[in-house]
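Chain residues, written in single-letter form:
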Amino acid sequence: MRFSRISLENWRNFGHIDVPLQNRAFLVGPNASGKSNFLDVFRFLRDLVVPGGGFAQAIQSRGGVSRIRSLAARHPSTDVVIDAEIEDREIVWRYRIAFNQVDPRRRQDDPVLKEEKVWRNGDLILDRPDPEDNADPARLTQTYLEQTFANREFREIADFFGSIQYFHLVPQLVREPERALGPQNDPYGSDFLEQVAKTTPKTRDARFRRILDALKVAVPQLNKLELDIDDRGTPHLRGNYTHWPRGA
């Protein structure tokens, strides 16, 4: 499965964008242009379904609806909308979620689900709010996506969102071996080398060779890249160099 399109309304600093995605995409732009805000959409979708997450937690961890809603939205009643298209071989899924505050007029920042829809190959298989939601508004504090008893028809989407990984590697954290022990799935890379160490040697070596080929364009003297495990079990990334030419 892969994302093939993402559409946003009033998300962070985006009023409205509709972006088709290929197998690989690169975001290029100056500081404060919205690159991290765009990527945070994928983290948000993951946070909806991971253990300890969920709709309310995903929003509260970002400071509430008022912190997520674009400043370009002129009225607090304006919904935040995420619309994602996912391709899975011959199946095209589409997941749409819209949310807002419980009472924007009173600045109550508790999130409420305004819309949740799922399409499978163009057929609408989930359409919320439904009659049960209207009879019990408390149900709109959770998505069906995060509930295993309710997402059976589209659990593939939940599993896919849950597999999303986000890395914003900070070199200082990666280089400090003491930080590698303890944290798990740290997006800033304190356990990055530990995750590398858990990769099978065949896969790891193949990736190291590709990285080495790229690095040698800038550093021709680099001739080896390897993972070393010290006596304490802490992983270290090592590079071996040939001698620098005289006069260099």
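About the criteria used
Residues numbered from 1 in each chain as written. Predicted model: local features only at pLDDT ≥ 70, side-chain atom pairs only at ≥ 80, totals over all residues. Heavy atoms only, no water. Bend = angle between axes of the 7 residues up to and from the residue. Helix = DSSP H or I, 4+ residues; strand = E, 2+ residues; numbered from the N terminus. Buried < 20%, exposed > 50% of the residue type's maximum accessible area, 1.4 Å probe, protein only. 1 Å grid on protein atoms, 1.4 Å probe; cavity = no way out; pocket = protein on both sides within 12 Å on 5 of 7 lines; lining within 4 Å. Points joined across faces, edges and corners; volume = space filled by probe spheres on them. Nonpolar A, V, L, I, M, F, W, Y, C, P; charged D, E, K, R; others polar. Salt bridge = Lys/Arg side-chain N within 4 Å of Asp/Glu carboxyl O. Core = buried A, V, L, I, M, F, W, Y, C linked by side-chain atoms within 4.5 Å. Contact = heavy atoms within 4.5 Å. Arc of directions from axis to C-beta. Phe/Tyr/Trp six-rings, centres within 6.5 Å; stacked < 30°, edge-to-face > 60°. Lys NZ or Arg CZ within 6 Å of the ring centre and 35° of its normal. pLDDT = per-residue confidence, 0-100. Pairing = 2+ DSSP bridges. Axes fitted to C-alpha atoms, helices over the stretch in contact; angles between N-to-C directions. Left-handed = near helix turned anticlockwise from the far one by under 90°.

1. Details of helix α1 (residues 35-49)
- Of all the bends in α1, the greatest measures close to 25° and is centred on Val41.
- Burial in α1 covers these residues: Phe38, Asp40, Val41, Phe42, Phe44, Leu45, Arg46, Asp47 and Leu48.

2. Concerning the layout of surface pockets
- In this structure, the largest pocket spans a volume of roughly 760 Å³.
- Around the largest pocket, the lining is made up of 22 residues, and of these Asn23, Ala25, Leu39, Phe42 and Gln165 lie nearest the centre.
- Contributing elements (two or more residues each) for the lining of the largest pocket: β1 (2-11) and α1.
- Top element by residues in the lining of the largest pocket is α1. It accounts for 6 residues.
- Looking at the lining of the largest pocket, its residues break down into 12 nonpolar, 6 polar and 4 charged.
- Size it by volume and the second largest pocket reaches roughly 380 Å³.
- Only α7 (192-198) and α8 (201-218) provide two or more residues apiece to the lining of the second largest pocket.
- A class-by-class count of the residues in the lining of the second largest pocket yields 10 nonpolar, 3 polar and 2 charged.

3. Details of the pattern of salt bridges
- With the rule as written, the count across this model stands at 20 salt bridges.
- Arg232 is the salt-bridge partner of Asp230, the closest N and O atoms lying 4.0 Å from each other.
- On the accessibility criterion, Arg232 (54% relative accessible area) is exposed.
- Three or more residues joined by partner-sharing salt bridges are found here, namely Arg12, Asp40, Arg43, Arg46, Asp47 and Arg62.

4. Examining the nonpolar core
- Grouped together as the largest cluster of nonpolar side chains are 41 residues, with contacts concentrated most on Phe3, Trp11, Phe99 and Phe161.
- At 6 residues, α1 tops the list of elements feeding residues into this core.
- Beyond its immediate stretch of four places on either side in the chain, Phe99 contacts Trp11, Phe44, Phe55, Ile59, Val65, Ile68, Asp79, Val80, Val112, Leu113 and Lys114.
- Counting 7 residues, the second-largest nonpolar core is a separate cluster that includes Leu193, Val196, Phe208 and Leu212.

5. Topic: helix α5 (residues 155-162)
- Along α5, the residues that are buried comprise Ile157, Ala158, Phe160 and Phe161. Taken down its axis, α5 places every buried residue within 165° of arc, on the same side.

6. A word on the packing of aromatic side chains
- According to the stated counting rule, one finds 11 aromatic pairs in the structure shown.
- An angle of 75° between the planes, with centres 5.9 Å apart, marks the rings of Phe55 and Phe99 as edge-to-face. Of the two residues, Phe55 sits in helix α2 (residues 55-60) while Phe99 sits in strand β4 (residues 91-103), which places them 44 residues apart along the sequence. A single burial state applies to Phe55 and to Phe99, both of which are buried.
- An aromatic cluster is defined as three or more aromatic residues linked by ring pairs; in this entry it consists of Phe3, Phe14, Phe38, Phe42, Tyr95, Phe160 and Phe161.
- Its guanidinium or amino end placed over the ring of Tyr166, Arg43 lies 4.5 Å from that ring's centre, counting from NZ or CZ.
- Over the face of the ring belonging to Trp119 we find Arg94, whose NZ or CZ atom lies 4.0 Å from the ring centre.

7. Focus on the confidence of the model for the chain
- Considering every residue of the chain, the mean pLDDT works out to 88; 92% of them sit at 70 or more.
- By mean pLDDT, the top-scoring element of the chain is strand β6 (residues 123-128) (98), and the lowest-scoring one is helix α6 (residues 171-175) (76).

8. Concerning the pairing of strand β7 (residues 222-229)
- Bridge analysis of β7 against strand β8 (residues 235-241) gives 7 bridges, and the strand direction is antiparallel. Bridge assignment links Asp228 to a residue of β8, and that residue is His236.
- If you look at the hairpin formed by β7 and β8, you'll find 5 residues sitting between the two strands, and Gly233 has a positive phi there, around 85°.

9. Some details on the environment of Ile211
- Here Ile211 lies in helix α8.
- For the pair formed by Ile211 and Leu225, sequence separation is 14 residues and the distance between their alpha carbons is 8.4 Å.

10. Digging into the packing of α1 against α5
- Direction vectors running N to C along α1 and α5 enclose 115°, while the axes themselves pass 7 Å from each other. Between α1 and α5 lies a crossing of left-handed hand. Seen from α1, the contacting residues are Leu45, Arg46 and Val49; seen from α5, they are Ala158, Phe161 and Gly162.
- Tallied by class, the residues present in the contact of α1 with α5 amount to 4 nonpolar, 1 polar and 1 charged.

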